[in-house]
Amino acid sequence: MRKILSRTAVAALSMAFVTEAMATEWNVSLWGKRRAFTEHVEKLAELVSEKTGGEFTLNISYGGLSKNRENLDGISIGAFEMAQFCAGYHRDKNPSITVMELPFLGVSSLEQEIELSMAVYQHPAAVEDLGRWNATLLMPSPLPQYNLVGMGDAPAKLDDFAGLSVRATGGIGKAMETVGAVPTSMSATEVRQAMDSGVVKAVAFAPHAHMSYGTIENATWWTTNLNPGTVNCPVVVNSDALADLSDDHRAALLGSVEEALDHYVTTYNGKTMDAWGPALEERGIAKVAFTDAEIAAFKEAAAAPAAKAWIEENTARGLPAQELYDLVTGMIANGS
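Worth saying up front: this structure is predicted, and the values here are computed from it rather than measured. (Residues numbered from 1 in each chain as written. Predicted model: local features only at pLDDT ≥ 70, side-chain atom pairs only at ≥ 80, totals over all residues. Heavy atoms only, no water.)

1. Overview of the overall build of the chain
A count of helices and strands for the chain gives 13 helices and 11 strands. Overall, the chain is about 90 × 45 × 35 Å in size when its C-alpha atoms are taken along their principal axes. Looking at the chain as a whole, 52% of its 336 residues qualify as buried. Sequence-distant contacts, at least 24 apart, represent 78% of the contacts inside the chain between residues at least 6 apart. (Helix = DSSP H or I, 4+ residues; strand = E, 2+ residues; numbered from the N terminus. Buried < 20%, exposed > 50% of the residue type's maximum accessible area, 1.4 Å probe, protein only. Contact = heavy atoms within 4.5 Å.)

2. A short note on the packing of aromatic side chains
With the rule as written, the count across this model stands at nine aromatic pairs. Ring geometry for Trp-26 and Phe-56: centres 5.4 Å apart, planes at 85°, overall edge-to-face. In this pair, Trp-26 sits in strand β1 (residues 24-30) while Phe-56 sits in strand β2 (residues 56-62), placing the two residues 30 residues apart along the sequence. Taken individually, Trp-26 and Phe-56 each receive the classification buried, so the pair is uniform in this respect. Taken together, a centroid distance of 5.0 Å and an interplanar angle of 80° make the contact between Phe-104 and Phe-298 edge-to-face. Taken together, the residues span a long stretch of sequence, with Phe-104 in the loop between β3 (82-84) and α4 (110-121) and Phe-298 in helix α12 (residues 292-316) at a distance of 194 residues. (Phe/Tyr/Trp six-rings, centres within 6.5 Å; stacked < 30°, edge-to-face > 60°.)

3. Let's talk about α12
Over its 25 residues, α12 extends 36 Å from the first C-alpha to the last, a length consistent with the 36 Å expected when each residue adds 1.5 Å. At Lys-299, α12 shows its maximal kink, close to 25°. Inspection of α12 places Glu-294, Ile-295, Phe-298, Ala-302, Ala-303, Ala-306, Ala-307, Trp-310, Ile-311 and Asn-314 among the buried residues, and these make up the whole buried set. In the core, the buried residues of α12 are packed alongside α6 (170-177) and α13 (321-333). (Expected span 1.5 Å × (residues − 1). Bend = angle between axes of the 7 residues up to and from the residue.)

4. Re the sheet that holds strand β7 (residues 182-184)
One open sheet holds the six strands; their spatial order is β7-β6-β8-β5-β9-β11, and the pairing between them is mixed. Whereas interior strands pair on both sides, the edge strands pair on one side only; in this sheet they are β7 and β11 (286-288). Direction aside, neighbouring strands of the sheet carry axes that sit 25° apart on average. Bridge count between strand β9 (residues 221-223) and β11: three bridges; the pairing is parallel. If you follow Trp-222 over to β11, its bridge partner there is Lys-287. (Pairing = 2+ DSSP bridges. Axes fitted to C-alpha atoms, helices over the stretch in contact; angles between N-to-C directions.)

5. Let's talk about the pairing of strand β10 (residues 235-238)
What you see with β10 is no split at all: Val-235 and Val-237 on one side and Val-236 and Asn-238 on the other are buried throughout. Judged from the three bridges that link them, β3 and β10 form a sheet pairing that is antiparallel. Following the sheet pairing, Ala-83 is matched in β10 by Val-236. Sheet topology note: the strand β4 (residues 135-139)/β10 ladder contains four bridges and is antiparallel. When the sheet's bridge partners are listed, Thr-136 is paired in β10 with Val-237.

6. Describing α4
The end-to-end C-alpha distance of α4, which contains 12 residues, comes to 16 Å, matching closely the 16 Å that a straight helix rising 1.5 Å per residue would cover. Among the residues making up α4, those that are buried are Leu-110, Gln-112, Glu-113, Ile-114, Leu-116, Ser-117, Ala-119, Val-120 and Tyr-121. In this structure, the buried side of α4 is in contact with α5 (124-131), β4, α11 (257-282) and α13.

7. What about the nonpolar core?
Membership of the largest hydrophobic core comes to 77 residues, with the highest contact counts inside it found for Trp-26, Leu-44, Met-82, Phe-161 and Met-176. Element by element, the count of residues in this core is highest for α11, at nine residues. Not counting residues up to four positions away in its chain, the partners in contact with Trp-26 are Phe-56, Thr-57, Leu-58, Asn-59, Glu-81, Met-82, Val-237, Ala-241, Leu-242, Leu-245 and Leu-253. (Core = buried A, V, L, I, M, F, W, Y, C linked by side-chain atoms within 4.5 Å.)

8. As for the pattern of salt bridges
Following the criterion strictly, the structure yields 14 salt bridges and no others. One salt bridge connects Glu-312 with Lys-308, and the closest N-O pair in it is separated by 2.7 Å. With Glu-312 and Lys-308 both in helix α12 and four residues apart, the pair spans about one turn of that helix. Put simply, Arg-34, Glu-39 and Glu-42 are held in one network by salt bridges that share partners. (Salt bridge = Lys/Arg side-chain N within 4 Å of Asp/Glu carboxyl O.)

9. A closer look at a negative patch on the surface
There is a patch of like negative charges on the surface, built from Glu-50, Glu-111, Glu-258, Glu-259 and Asp-262. Top element by residues in the negative patch is α11. It accounts for three residues. Along the polypeptide, Glu-259 turns up in helix α11. (Patch = residues over 30% accessible without salt bridge, like charges linked within 9 Å, V, L, I, M, F, W, Y side chains within 5 Å. Areas by Shrake-Rupley, 256 points an atom, 1.4 Å probe, with all protein chains shown as cover. Lys, Arg positive; Asp, Glu negative; His and termini not counted. Charge placed at Lys NZ, Arg CZ, Asp CG, Glu CD.)

10. Some thoughts on the confidence of the model for the chain
Atom-level detail of predicted coordinates should not be read off regions where pLDDT is low. When pLDDT is averaged along the chain, the result is 92; 93% of the residues meet or exceed 70. Contacts from residues 1-5, a stretch scored under 50 in pLDDT, to residues over four places away or in other chains number zero contacts. Below a pLDDT of 50 lies the segment residues 9-21, which in the model reaches zero contacts outside its immediate sequence neighbourhood of four places, other chains included. (pLDDT = per-residue confidence, 0-100.)

11. Points about the side chain of Glu-42
With respect to the secondary-structure elements, Glu-42 resides in helix α2 (residues 39-51). A polar contact is formed between the side chain of Glu-42 and the side chain of Tyr-62, at a distance of 2.7 Å. Excluding anything up to four places from it in sequence, Glu-42 contacts Arg-34, Ile-60 and Tyr-62. (Polar contact = N/O pair within 3.5 Å; in protein donor to acceptor, adjacent residues only side chain to side chain.)

Written as structure tokens, this is what we have:
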């Protein structure tokens, strides 16, 4: 009887060991708090757990693992397995994907932003570029066109932006320079304090971020149709960690990306945008619209020079910059 019990115990211990060995936990570095910008990561975690019967878990941390500007560095050394960051935070580290941050590309929807981003992410130049950080591009965090909230007198024409200190990163910052504004690059978590202290008088964000980071609490005006561009904020995974996954777990992760992005788009176009208009009205924030002629002049001043400079700079880096630019603009021209 003892032998039988002993064998049973050994078998139970063996099964427990196998189950433990099969379990996989990944740490995911985000920042701020759960919001529209992170809904695809939250959904991905839910789907992966469901598909693997809880054997593969994504442990999401909001600021507990790394600062947002250091997430790519953390991925490179394997400090965590998944992270989100914005290309404009460190353009020199990920120049290939900054093509998506050029001003006035003419992206018309979140769905189109996803299609364009994924095409760039799968380009060999982008794969190699992020590979320098042991990072594999998993999915974008599609954002609508940015607009500004500001304090003080509302701009009535583009000339009124002259001398205005504005938080604007990447290509949006370059675009604002062409109308005389003074752009400052800072992470989203620093913006509210910068407004409170008067370091910046206006902030370029997508609607969800204006609500999440409280910029509308200080605002007196909002530009409705400036639409200079957006930022590109991918979710990446550590390449070694991805390779080490079992086939089933890898399939569960990669096979859940599309559904996670669909959830993100539905949430953003629905819940987030449904809240945006009322949030402005409740605070009495004036809506500023510019004429078609002014927007055309803004685009002419900002778009072509920024694209030319980006192509020249990144060709010198050894990137096929013209090819990447043509990929994006060609897809937009074809309605992709």
